[in-house]
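Working through the structure, step by step
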Amino acid sequence: METQAEIDFQSAVSAFSAAHSEPDWLRNLRLDMLEKYPALALPKFEKIRYQRWPLTAAHQPTVQASAAADLATLDLDYAQAKNVLVTYGESVITSKLDPELAAQGVIFTDLFTAVRDYPELVEKYFMTTAVKPDANRLTAFHTAFLNGGAFLYVPKGVTIKEPIQGYYIQDSTRPQDFVQHVLVVADTNSQVTYSENYATVGTEANLANVVVEVVAADDAQVRFSAVDQFSAATTAYISRQGNLANDAKLDWAVGLMNDGNVVVDFNTDLVGHGAHTEVKVVAVTTGDQLQGIDTRVTNLGQHTIGHILQHGVILESSALIFNGVGHIVKGARGSDAQQESRVLMLSTHARGDANPILLIDENDVTAGHAASVGRVDEEQMYYLMSRGIDKKRAERLVIRGFLGNVLTEIPAKRVRDQLTATIERKLENGQKSE
Amino acid sequence: MSKLEVKNLHVAVVDEDKSLQKEILKGVDLTMNTGEIHAIMGPNGTGKSTLSQAIMGNPAYKVTEGDVLLDGKSLLEMPVDERARAGLFLAMQYPAEIAGVTNIEFMRAAINARRADDDQIPVLEFMKFLDKNLATLDMSDDMVERYLNEGFSGGEKKRNEILQLMMIQPKFAILDEIDSGLDIDALKVVSKGVNAMRGPEFGSLIITHYQRLLNYIVPDTVHVMMDGRIVESGGPELAEKLEAEGYAGVRDDLGLDVKLTDEI
């Protein structure tokens, strides 16, 4: 028997879908997942205990606008960008795409516009390839309560030189869920650089549920970078899923600079022959937060290459867990899985873990891993301080050096500079109590 | 004029594994003023590097007795960065390598650490000064864009230490075996850098095994150190005497009962 609450959610989800003039397939998928999600299992990640977090404590979905003026506090720098989407809560603040790209068939718009204007194209890729709606409780919840996001489509043979940028801002000036879906499709032999930023305005304790899908067809090349900065009051599930066809290449560079509890679920499936991914992750953890990061690459096709590099810094009484999972399935001959996870602890109250996990079901492969949890090198500190640099600044320099090999991989200078500034801010905050 | 004084300095190193404390310096006395170059010579294992680290404030070295004063003010309670800002500089024998931090960024941070937040060195002024010092040391521009000491050869590291010295302009520079591992050309370049610093506002304490360096940087005073003490002081001619007679000769002249590390 259905409870009153579930009935209410059904009608609210239906009404929400109708208000956005969604096609039937999406409304039906939402309702299906609304029914299924409570019974599905939560995804399981080694050593990351997040099961009691309020990640499925949904509010009634209602259509509500957010005030663009709130964004002034964030100092977002997108005025010069040619291809940019800015959303705040459920409101689209800016949506720009170079007309030349639009003429070539490139689509970059918010998700609700996309499902109305390109229903078949979205339906073909939306949670069909990189991740399935019923993969787990959080993906199913995501599908049911989805209330924002973006769609980027790069047609066959099109090369986009200017980066495509998305800013997705959570409105926590009131109780409201932030359930975002970003779908990136790079069709055959296309090339694109995409960067995205998440942040929070307001101090309300809300949940964030982000699912990003990157589908790269044969010979496509995608450079993806992200800076996540959800607030201390936000509890987040962040999932980024890639699916690569023959000889496709996907480079991830992600900075996890959130201030609250976050569980991160990265997976890239190297399906086609010769597919290649480089996953680079940096994280800074402060206060009493936990960031649990599970980064997985699955080599399915032959001669595929999957490399994971994760560097993180832990301050105060926070915790950071890096899992690196390299999985080579039987038949993926000639494949390569390498990973390195390193954690630097700046405080005796901090907790950190770096777990390399290699699952190899094929003999003709190369694989390797390195992991470490350590402290700031005393000799480096002494050397810097012997030149007059004070302890905290010296510490930040050493840390920036430690995170540097990921930072340098970020293609857009603006994103790189912004991430550097974000790291500096987070470190300075974290050092205050040391 | 500034004055650096070392008074009856006793320094021990602590062996963490055995929790033993071993005394290395057994009462060092030394006074120097800006405008002067002093050299400390002595055999291996006699405490020369310990003296330089203790003056700079390396936490691994423990002062058990005595004092180090700059212009009459004790430095012992000051951490290393404060001592540096007060005017001390140590060119290290083994500089640390720090990936991800560029040489140029590091030097700017070091200079700005000595200036107020609202009075940071203008970029143009910094670059001009840097170019001038690079030219003196015969160093290429790309050296400063590289990560701090990372992958530098032994000679490059030594030059980089002197470059920092010239950029930071301390009151007193201690050069700890700046000549080790240098060929004669590099030695000349490094000496040129140090000599360019000479003047009434700069003093240097040069630690070396060999008299050779002192042909290029001529000291005002030479001290001989053995077994944790300064056993003799004199003019530049003392260095020549050491070169001719060896440390054992000087020891025997002084009638000291000291075992030299490298003695057969």
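Small disclaimer: the values here were computed from a predicted structure and weren't measured.

Attention now moves to the overall build of chain A. A count of helices and strands for chain A gives 9 helices and 19 strands. Taking 2.2 N^0.38 as the reference for a compact globule, 434 residues should give roughly 22 Å; the C-alpha atoms of chain A span a radius of gyration of 21 Å, in line with that estimate. Dimensions of chain A along its principal axes, counting C-alpha atoms only, are 65 × 50 × 50 Å. The proportion of buried residues among the 434 residues of chain A is 56%. Sequence-distant contacts, at least 24 apart, represent 81% of the contacts inside chain A between residues at least 6 apart.

The number of helices and strands found in chain B is 9 helices and 12 strands. For 264 residues, the compact-globule formula gives about 18 Å, and the C-alpha radius of gyration of chain B, at 19 Å, lands near that figure. Expressed as lengths along the three principal axes of its C-alpha atoms, the size of chain B is roughly 60 × 40 × 40 Å. Here chain B holds 264 residues, and 40% of them are scored as buried. Expressed as a percentage of contacts within chain B between residues at least 6 apart in sequence, the contacts between residues at least 24 apart total 71%.

The subject of this paragraph is the environment of Val-215 of chain A. If you trace the backbone, Val-215 of chain A turns up in strand 8 (residues 207-216). The contact partners of Val-215 of chain A, leaving out residues within four places of it in the chain, are Tyr-125, Thr-129, Ala-130, Val-185 and Asn-243 of chain A.

Turning our attention to the interface of chain A and chain B. The interface of chain A with chain B comprises 19 residues on the first partner and 19 residues on the second. Here the element with the most residues in the side of chain A that touches chain B is helix 8 (residues 391-407) of chain A; it accounts for 9 residues. Residue composition of the side of chain A that touches chain B, grouped by class: 7 nonpolar, 6 polar and 6 charged.

Bringing the sheet that holds strand 2 (residues 91-96) of chain A into the picture now. Residue and element names in this part refer to chain A. The mixed open sheet is built from 10 strands, whose spatial order is 2-1-5-7-9-11-13-15-17-19. Looking at strand neighbours, the two that pair on one side only are strand 2 and strand 19 (365-375), the edges of this open sheet. Along the sheet, successive strands turn relative to each other by an average axial angle of 5°, direction set aside. As defined by bridge partners, strand 15 (residues 305-314) adjoins strand 17 (residues 335-345) across 10 bridges and the pair is classed as parallel.

Residues and elements named next belong to chain B. Following the sequence through the fold, Asn-149 ends up in the loop between strand 8 (147-148) and helix 6 (154-168). Considered as a pair, Asn-149 and Tyr-61 are 88 residues apart in the sequence and their alpha carbons are 24 Å apart. When sequence neighbours within four positions are dropped, the list of residues in contact with Asn-149 reads Pro-95, Ala-96, Glu-97, Ile-98, Lys-157 and Asn-160.

Turning to the packing of helix 6 of chain B against helix 7 (residues 184-197) of chain B, a few remarks are in order. Residues and elements named next belong to chain B. The N-to-C vectors of helix 6 and helix 7 enclose an angle of 10°; their axes lie 10 Å apart at closest approach. In terms of axis orientation, helix 6 runs roughly parallel to helix 7. In contact with Gly-155, Lys-158, Arg-159, Ile-162, Leu-165 and Met-166 of helix 6, helix 7 contributes Ala-186, Val-189, Val-190, Gly-193, Val-194, Ala-196 and Met-197.

A residue-level look at chain B finds 98% of positions with pLDDT of 70 or above and a mean pLDDT of 92. This prediction of the complex comes with two scores: 0.84 for pTM and 0.95 for ipTM.

Right, let's talk about the sheet that holds strand 16 (residues 319-328) of chain A for a bit. All names here are of chain A. Taken together, 9 strands build an open sheet; the order of strands is 3-4-6-8-10-12-14-16-18 and the sheet is mixed. Here the strands that pair on one side only, and so sit at the sheet edges, are strand 3 (107-110) and strand 18 (351-360). Averaged over all neighbouring strand pairs, the angle between strand axes comes to 5°, with direction disregarded. Here strand 3 runs beside strand 4 (residues 148-154); their pairing, made up of 4 bridges, is antiparallel.

Phi at His-303 of chain A takes a positive value of approximately 55°, unusual for a residue other than glycine. If you trace the backbone, His-303 of chain A turns up in the loop between strand 14 (290-299) and strand 15. A positive phi is found at Glu-177 of chain B, a non-glycine position, where the angle reads about 45°. Among the structural elements, Glu-177 of chain B can be located in the loop between strand 9 (172-176) and helix 7.

With that settled, the discussion passes to the pairing of strand 15 of chain A. Regular strands place side chains that alternate from one sheet face to the opposite one. Residues and elements named next belong to chain A. Most of strand 15 sits inside the fold, with 8 of its 10 residues counted as buried. Bridge analysis of strand 13 (residues 276-285) against strand 15 gives 10 bridges, and the strand direction is parallel. When the sheet's bridge partners are listed, Val-284 is paired in strand 15 with Val-313.

A few words on the pairing of strand 12 (residues 229-234) of chain B. Residues and elements named next belong to chain B. With 5 bridges joining them, strand 11 (residues 221-226) and strand 12 adopt antiparallel strand pairing. Residue pairing for strand 12: Met-225 is matched across the bridge by Ile-230. In this structure, the hairpin formed by strand 11 and strand 12 is closed by a connection of 2 residues, where Asp-227 is found at a positive phi of approximately 50°.

Bringing helix 7 of chain B into the picture now. Between the first and last C-alpha of helix 7 of chain B there are 20 Å, a value that for 14 residues agrees with the 20 Å anticipated at 1.5 Å per step. On its buried face, helix 7 of chain B sits against helix 4 (123-136), helix 6, strand 9, strand 10 (203-208) and helix 8 (213-216) of chain B.

What follows concerns the nonpolar core. One finds Leu-152, Ala-216 and Val-222 of chain A to be the most contacted residues of the largest nonpolar core, which totals 206 residues. Aside from chain neighbours lying at most four places away, what touches Ala-216 of chain A is Ala-186, Val-222, Leu-244, Ala-245, Ala-248 and Leu-250 of chain A.

What counts as what
Residues numbered from 1 in each chain as written. Chains lettered and ligands numbered in written order. Predicted model: local features only at pLDDT ≥ 70, side-chain atom pairs only at ≥ 80, totals over all residues. Helix = DSSP H or I, 4+ residues; strand = E, 2+ residues; numbered from the N terminus. Rg over C-alpha atoms; globule rule 2.2 N^0.38 Å. Buried ≥ 20, exposed ≤ 12 C-beta atoms within 10 Å, placed from the backbone. Contact = placed C-beta atoms within 7 Å. Nonpolar A, V, L, I, M, F, W, Y, C, P; charged D, E, K, R; others polar. Pairing = 2+ DSSP bridges. Axes fitted to C-alpha atoms, helices over the stretch in contact; angles between N-to-C directions. Parallel < 35°, antiparallel > 145°, perpendicular 65-115°, else oblique. pLDDT = per-residue confidence, 0-100. Expected span 1.5 Å × (residues − 1). Core = buried A, V, L, I, M, F, W, Y, C linked by C-beta atoms within 7 Å.

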